[in-house]
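Commentary on secondary and tertiary structure
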2 protein chains.
Amino acid sequence: MYVCIFKDLNMLEQMDKYVIGVDIGGTNTVIGLVNKEGKVVSRDTLATQTYTDGAIFVMDIAKSIIKLKSFHDVEIGSVGVGAPNANFVSGCIESNTANLRIKEEIPICKILEKELNVPTVLSNDADAAAIGEHIYGSAKNCSNFILVTLGTGVGSGFFADGHLIHGHNCMAGELGHLTLYPEGRECSCGRCGCLETYTSARGICQTFKELAKKSNNIDNINTENITSKDIGELANEGNPLALKTFEITAKYLAIGLANAVTFSNPEKIILMGGPTKVGAPLLIPLKRYFKDNLLFIYENSVTIEFSQLDDNDAAILGAAALINLKN
Amino acid sequence: MYVCIFKDLNMLEQMDKYVIGVDIGGTNTVIGLVNKEGKVVSRDTLATQTYTDGAIFVMDIAKSIIKLKSFHDVEIGSVGVGAPNANFVSGCIESNTANLRIKEEIPICKILEKELNVPTVLSNDADAAAIGEHIYGSAKNCSNFILVTLGTGVGSGFFADGHLIHGHNCMAGELGHLTLYPEGRECSCGRCGCLETYTSARGICQTFKELAKKSNNIDNINTENITSKDIGELANEGNPLALKTFEITAKYLAIGLANAVTFSNPEKIILMGGPTKVGAPLLIPLKRYFKDNLLFIYENSVTIEFSQLDDNDAAILGAAALINLKN
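The rules behind these values
Residues numbered from 1 in each chain as written. Chains lettered and ligands numbered in written order. Predicted model: local features only at pLDDT ≥ 70, side-chain atom pairs only at ≥ 80, totals over all residues. Helix = DSSP H or I, 4+ residues; strand = E, 2+ residues; numbered from the N terminus. Rg over C-alpha atoms; globule rule 2.2 N^0.38 Å. Buried ≥ 20, exposed ≤ 12 C-beta atoms within 10 Å, placed from the backbone. Contact = placed C-beta atoms within 7 Å. Pairing = 2+ DSSP bridges. Domains from an automatic or database assignment. Nonpolar A, V, L, I, M, F, W, Y, C, P; charged D, E, K, R; others polar. Least-squares fit on C-alpha atoms with pLDDT ≥ 70 in both.

**As for the overall build of chain A**
When its secondary structure is counted, chain A shows 10 helices and 12 strands. A globule of 327 residues ought to have a C-alpha radius of gyration of about 20 Å, and chain A, at 20 Å, matches this closely. Each principal axis of the C-alpha distribution contributes one length, and for chain A these read about 60 × 45 × 35 Å. Residues classed as buried in chain A amount to 50% of the 327 residues present. A sequence separation of at least 24 residues applies to 65% of the contacts in chain A between residues at least 6 apart.

**A few points about unusual backbone geometry**
Positive phi, close to 60°, is recorded for A:N300, a residue that is not glycine. Mapped onto the elements of the fold, A:N300 is located in the loop between helix 9 (280–293) and strand 12 (303–306). For B:N85, which is not a glycine, the phi torsion comes out positive at approximately 55°. Looking at the secondary structure, you find B:N85 in the loop between strand 4 (76–83) and strand 5 (86–87).

**Points about the pairing of strand 11 (residues 268–272) of chain A**
Residue and element names in this part refer to chain A. With four of five residues buried, strand 11 is to be regarded as a mostly interior element. With five bridges joining them, strand 8 (residues 145–150) and strand 11 adopt parallel strand pairing. Residue V148 lies in a different strand from strand 11, and its bridge partner there is L271. Across four bridges, the pairing between strand 11 and strand 12 is parallel. For K268, the partnering residue across the bridge sits in strand 12 and is T303.

**Quick notes on the environment of A:I31**
All names here are of chain A. Along the chain, I31 falls in strand 2 (residues 28–34). Of the residues examined, I31 has 26 C-beta atoms within 10 Å and is grouped as buried. Sequence spacing of I31 and I20 is 11 residues, and the spatial spacing of their C-alpha atoms is 7.0 Å. Not counting the four nearest positions on each side in its chain, I31 is found in contact with I20, V22, R43, D44, I61, S64, I65 and L68.

**Some points on the domain arrangement of chain A**
Residue and element names in this part refer to chain A. The assigned domain composition of chain A is domain 1 (11–134 + 313–326) and domain 2 (141–307). Measuring from the centre of the C-alpha atoms in domain 1 to the corresponding centre in domain 2 gives 27 Å. Contacts between domain 1 and domain 2 engage 13 residues on the former and 13 residues on the latter. For the side of domain 1 that touches domain 2, the element with the highest residue contribution is helix 4 (residues 125–135), accounting for eight residues. Taken together, the residues of the side of domain 1 that touches domain 2 break down into eight nonpolar, two polar and three charged.

**Quick word on the interface of chain B and chain A**
When the parts come together, some accessible area is lost, and that loss is often what is quoted as the size of the interface. Taken together, the 37 residues of chain B in the interface contact 37 residues of chain A. Sort the elements by how many residues they give to the side of chain B that touches chain A and helix 8 (residues 240–264) of chain B lands first, with six residues. Classifying every residue of the side of chain B that touches chain A gives 17 nonpolar, 16 polar and four charged.

**Describing the relation of the copies chain B and chain A**
The two copies are related by a screw operation: chain B maps onto chain A through 180° of rotation and 0.0 Å of translation along the axis, at an RMSD of 0.0 Å. Viewed as a symmetry operation, the transformation between the two copies matches a two-fold axis. The rotation axis passes nearest to the C-alpha of B:Y181 in chain B, at a distance of 3.2 Å. Interface overlap between copies is the fraction of interface residues in one copy that are interface residues in the other; for chain B against chain A it reaches 100%, indicating a shared surface.

In structure tokens, the structure reads:
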């Protein structure tokens, strides 16, 4: 087990300093400098896909941090990293991560702590986003909530009784792989009917294509390379197929979220990510179906909303706030 | 919010004393005296269905406790009550509880504390059972596990990162109402396809009856008043319909449990209750289907077992251990 080398972390002292949030995405890695009010005051970007060597990648992240620190002439209290396939306990990004060209395990916490001499915490993207919502977003002062990220896949972070749930191997909160229909769509995980096959950006595109085919592509839309963003724009222009797509997506998502409520009895469910940008065409039917599917004992005790945090900042703020998990 | 009147609970002092566990069931209410080694040394029983007045019912429970205390000439450190429809926060059994003839809210903690002058805690049956497994059973030293009770319904208690999950209204862990098939069997909750419609004692009977009808009741079994216990006995005698019933039950239960794992990433799942008494005809296919349905990231990190606690004692021990929740 990885043990943070900074055993006597003085949180009051940390809070007076700037912190770094690193958001490792499949395309870009964004390094943000965050002030004590929770604002991203400066950022640097690396092209993730140009790296095939883990050590070189982490050293370049360290260089970016030193650059930001020197330029703004500030003290850094801690570094938080949000990444896919992250192991909070070991402080490593696991080997063979789907969206990275670096295939070996990356001991990112160990390297950054050695280079920067500040405590460093690693966690998965959705957990980082949940922490971000808890510290800076609409889950401030909320002890029981679920953060759901809709993107290429569907991720989630569960806060219950004031704590983020980690679980036995720090792999709790895989809402995207809740089985919605045991004989449903094939999932990349090898099983069938997972929530993310219906409600991720990919799932939304598949639903749209199926509807277009069924209607003999009545509007003559080029569906081949269509994205969930395109479908969102069509929906907001009033296109019936696109509106129907989000209606269906909302129905599936509502069943999944109503199931999630039976586990952790949250006060709030907060959704973020690309597909939420469509707004009303998803949110309005989602609230209706959610109410229909909710077990009666939870009636009027749980709300659904889209994150209010700025999209570009949410991941960085979440990562920057990860240090709180170690205390 | 109900506040325990014993603010400065000295746990070391409490541990030297005997404790009382009260298990309120639809038929009987069992009051057990538990020693510090976690053994039920004596018990008293009340016929729950004879009561229509909450205050009289609780006063009779108090009298039973005083009787046990006097007979054994011991000090009582605390009282724990496991009940259906229990509100841990308010210390009350909610009004209109399905299996009780008492229809008003029962402020059981307040009355017992006043009568006995010892701290009293109330929680739902499955949470009590989870606490019991954590203190006395096979989840000792286990920080992440799920306790599932199979009975008239299906209940559950989730332990994550060393804590029992309560949730916003203390109503977390309703695994029985996970939607397995959105268009499936009708549930008493008003929705369709809940896990308990397939895997509770009632669900098992329904599956058996459906199979018997389909086979034109080839074995000429009187299915009208058949119980899950009868079906279990038939299965252990090798009856093909009964064996098929548990095979189907195992398949549904496995999907539900694999879904539960994606939420809290447990190390163990422990099952208890009547239908588990059948043993191998349920456990063997359950383990096979569970493996088939488990998301690959949890492979080899979670086990399924039946509770090893004595059936009659489990509920009392769990209730007796509830005081740990207040600390």
